[in-house]
Amino acid sequence: MRKNVYLCTYFFYMCGIVGYIGKQEAYPVLIKGLHRLEYRGYDSSGVALIDKQKELSVYKAKGRVSDLEEFCKSKAISGTLGIAHTRWATHGEPNNVNAHPHYSQSENLALIHNGIIENYAVLKEGLIREGYTFQSETDTEVLIQLIEYVKISNRVDLCTAIQLALKQVVGAYAIAVIENGNPDLLIAARKSSPLVVGIGDAEFFIASDASPIVEYTKQVIYLEDEEIAIIQRNEPPKIVNLNNVEQTPQISQLELSLNALEKGGYPHFMLKEIFEQPRTLKDCMRGRINVENNNVTLSGIIDNKEKFLNAKRILILACGTSWHAGLIGEYLFEELCRIPVEVEYSSEFRYRKPIIYPDDIVIAISQSGETADTLAAIEQAKAAGAFVYGICNVVGSSIPRNTHSGSYTHVGPEIGVASTKAFTAQVLVLIMMALNIAKEKKTISQEQYERTLTELVQIPPKIEMILKQNEKIEDLSKIFTYAHNFIYMGRGYSYPVAMEGALKLKEISYIHAEGYPAAEMKHGPIALIDQEMPVVVIATHNTTYDKTISNIQEIKARSGRILAIVNKYDQKVKDMADYTIEIPETEECLDPLLSIIPLQLLSYHIAVKKGRDVDMPRNLAKSVTVE
Ligand code: F6R
């Protein structure tokens, strides 16, 4: 019979972890931390604390962090040392038993874990032979049992047991462990999953990212792979590696503000983040674009100028929305810099024996900087001798720390699970990179360079103009809530935008949607068109405008219902489309920065009308730290 496991009668993979040791009651700090990390996973959650009697207790609940809070309301929870976890299930369905923290066999140890123990099955078999039994289907429970087994069989202290156990582990982990009877010790370790240690005034924090910490301290240590933080009450954390060699940690200063983590009056983070884009794009341009001198420079490009000038090929690696930004990068680098580009899903690239040359430039794009497939693809590219450049948002995350150089997008924390402001900033960084390289390579005329730059700084006010149509878009969304399927189409730079628009709709409204290059419709998908099928067409003035008009006519002839994104005064498309949303004109290569905005708003409003949980859609997590 297990002691002190309080299971809520409700059941959960990528996860958020938080831990506290100090002078305050740990529970409120942990719960607040879990809410901040909930974007990383929200199937189930749990906390473990050590109380005044030095007794270890675990509380877990299936569902959101609020379900855990509800469950804990009636419990007398206390203690100034604790760990907590919010889960996105990888091994075992989301339920109370699979939720973290997990006890060891004797229930003397409790552990939280973000990552995957790949050799858990072999380790588990060995432990079963030694008489260990398992309650859950998780890889995490195997790890805590292993730590206890090593501790008992080798008669070593907890830290040594963790070091020895982790040496046997293949996979990724960010873990924290506490021990019954020891209210003064918190041990945390990481490999390939992020972990930050916060250093307060006689109090210390550990977390998957800085968001649960920033309220209490700005001083943090980003643990490196295979480092262990030994945090004793009232003593500065000691960092050692798996061989117990003491490491000198670098203390960083957080730039994150607390306001950036709040909704600021908006009903959802996603809407707030859509509306933030005029500002986030200005932040992303700051210090990089000099309007007086008509110049754009990125330090990462200038520092590695020769590499970019001599590159025979650019490989762009990313997943999801970041991959869509990468596709826009392909159009940009090929048009402006005349460098051939291939854009790859990181997950496919890493397993298909890719050909990588030492003079390839690899650009890895990731909002979170933690996407496991992109990280693995980067390692492969580095091993083949390629130069790897990261475009990331989260400062200090794993991708910026594992690439040769890069640019941050500087949009602040993106909390809504559906990526919006990170996407436009990724596209903006790619535009600035392409302009910077093209100028150096002299593959762009001075006239086009200056015109594009002048237009670029006009993008934020133009987005403001689009955002003013929010109410109109909300009204339009009512017309479409009936739909079970959507097609999005565009050509050239608008094709990746069509795919991104479709992804936004899918992930938050659960309506099936496809993004298509408009000309491809007649090669198959046009068979789907009837009066029930909404077709969103990006029909702005660009080199393929006339072709897009023909594609609209093809849809019209099959009674499809057309919602067109058009430039002002475009009577031609207005006459053909059932509904239109106007956006200002700009340079063709900048158009994605504008045309995506109404599509973000459209998905948002449709999802709200359908009663979906916009910020935390089902089955998704913000940071995909498992492959
Ligand atoms: C969609 C979305 C995901 C991410 C993808 C990659 O709105 O957010 O498709 O773009 O999981 O994540 P990052 O950019 O963090 O590598």
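Fair warning: this is a prediction, and the values are worked out from it, not measured in the lab.

(A) Structural view of the site of the ligand. By nearness alone, 15 residues border the ligand, and Ser322, Ser366, Ser368, Thr371 and Glu507 come closest of all. Note that an oxygen atom of the ligand is positioned 2.6 Å from one of the side-chain N or O atoms of Ser366. In the environment of the ligand, an oxygen atom lies 2.6 Å from a nitrogen or oxygen atom belonging to the side chain of Ser368. Protein coverage of the free-state accessible area of the ligand, which is 400 Å², stands at 89%. Elements that contribute at least two residues to the shell around the ligand include exactly α10 (320-337) and α18 (494-509). Across the shell around the ligand, the residue classes break down as five nonpolar, eight polar and two charged. Each of two domains, domain 2 (263-457) and domain 3 (467-615), supplies a minimum of three residues to the shell around the ligand.

(B) Spatial organisation of the nonpolar core. Residues Phe333, Ile363, Met432, Met433, Leu456, Phe486 and Tyr488 are the most contacted members of the largest nonpolar core, which totals 90 residues. A total of 13 residues in this core trace back to one element, the largest contributor, which is helix α14 (residues 421-441). Looking at this core, you find at least three residues from each of domain 2 (263-457) and domain 3 (467-615). Apart from residues lying up to four places away in sequence, Met432 is in contact with Cys284, Met285, Arg288, Ile289, Val296, Leu298 and Leu456. Among the nonpolar cores identified, the runner-up in size contains 31 residues, and Val29, Leu34, Val220 and Leu261 belong to it.

(C) Focus on unusual backbone geometry. The linkage connecting His100 with the following residue, Pro101, adopts the cis geometry, with an omega of 0°. Even without being glycine, Lys353 reaches a positive phi, approximately 45°. Here Lys353 is to be found in the loop between α11 (346-349) and β20 (360-366). A relative accessible area of 77% places Lys353 in the exposed class. One non-glycine residue, Lys442, lies in the positive phi region at around 60°. Inspection of the secondary structure assignment puts Lys442 in the loop between α14 and α15 (446-456). Overall, Lys442 belongs to the exposed group, its relative accessible area being 70%.

(D) Here's a closer look at the confidence of the model for the protein chain. Predicted confidence across the protein chain gives a mean pLDDT of 92, with 96% of residues reaching 70 or more. Under a pLDDT of 50 for its full length, residues 7-13 has, in the predicted model, 44 contacts with residues more than four places off or in other chains.

(E) Region of the structure containing the domain arrangement of the protein chain. Domain boundaries assigned for the protein chain yield domain 1 (16-257), domain 2 (263-457) and domain 3 (467-615). With eight residues of domain 1 at the contact, the number on the domain 2 side is eight residues. Regarding the contact of domain 1 and domain 2, the summed buried area is about 690 Å², with carbon and sulfur atoms giving 53% of it. The tally of links between domain 1 and domain 2 comes to one salt bridge. When the shortest N-O distance is used, the salt bridge between Arg401 and Glu224 registers 3.2 Å. Scanning the region where domain 1 abuts domain 2 turns up one residue pair in polar contact (both at pLDDT 80 or more).

(F) The arrangement of the pattern of salt bridges in detail. Tallied over the entire structure, the rule returns 31 salt bridges. Measuring nitrogen to oxygen at the nearest pair gives 2.6 Å for the salt bridge that ties Asp373 to Arg350. Here the residue Asp373 occupies a position in helix α12 (residues 372-383), and Arg350 occupies one in the loop between α11 and β20, the gap between them amounting to 23 residues. Relative accessible area serves as the criterion here: at 11%, Asp373 is assigned to the buried category. Under the relative-accessibility criterion, Arg350 is labelled buried at 17%. What you see here is one network of salt bridges that share partners, running through Lys272, Glu276, Arg279, Asp283, Arg286 and Lys421.

(G) Structural view of the sheet that holds strand β27 (residues 579-583). Spatial ordering of the open sheet is given by β24-β23-β25-β26-β27, a layout of five strands whose pairing is parallel. Of all the strands in the sheet, the pair left with one neighbour each is β24 (512-517) and β27. Direction aside, neighbouring strands of the sheet carry axes that sit 20° apart on average. Examined bridge by bridge, strand β25 (residues 534-538) and strand β26 (residues 561-567) share five bridges and lie parallel to one another. Following the sheet pairing, Ile538 is matched in β26 by Ile565.

Each value, and the rule that gives it
Residues numbered from 1 in each chain as written. Predicted model: local features only at pLDDT ≥ 70, side-chain atom pairs only at ≥ 80, totals over all residues. Heavy atoms only, no water. Near = heavy atom within 4 Å. Polar contact = N/O pair within 3.5 Å; in protein donor to acceptor, adjacent residues only side chain to side chain. Areas by Shrake-Rupley, 256 points an atom, 1.4 Å probe, with all protein chains shown as cover. Helix = DSSP H or I, 4+ residues; strand = E, 2+ residues; numbered from the N terminus. Nonpolar A, V, L, I, M, F, W, Y, C, P; charged D, E, K, R; others polar. Domains from an automatic or database assignment. Core = buried A, V, L, I, M, F, W, Y, C linked by side-chain atoms within 4.5 Å. Buried < 20%, exposed > 50% of the residue type's maximum accessible area, 1.4 Å probe, protein only. Contact = heavy atoms within 4.5 Å. pLDDT = per-residue confidence, 0-100. Buried area = accessible area lost by both parts, 1.4 Å probe. Salt bridge = Lys/Arg side-chain N within 4 Å of Asp/Glu carboxyl O. Pairing = 2+ DSSP bridges. Axes fitted to C-alpha atoms, helices over the stretch in contact; angles between N-to-C directions.

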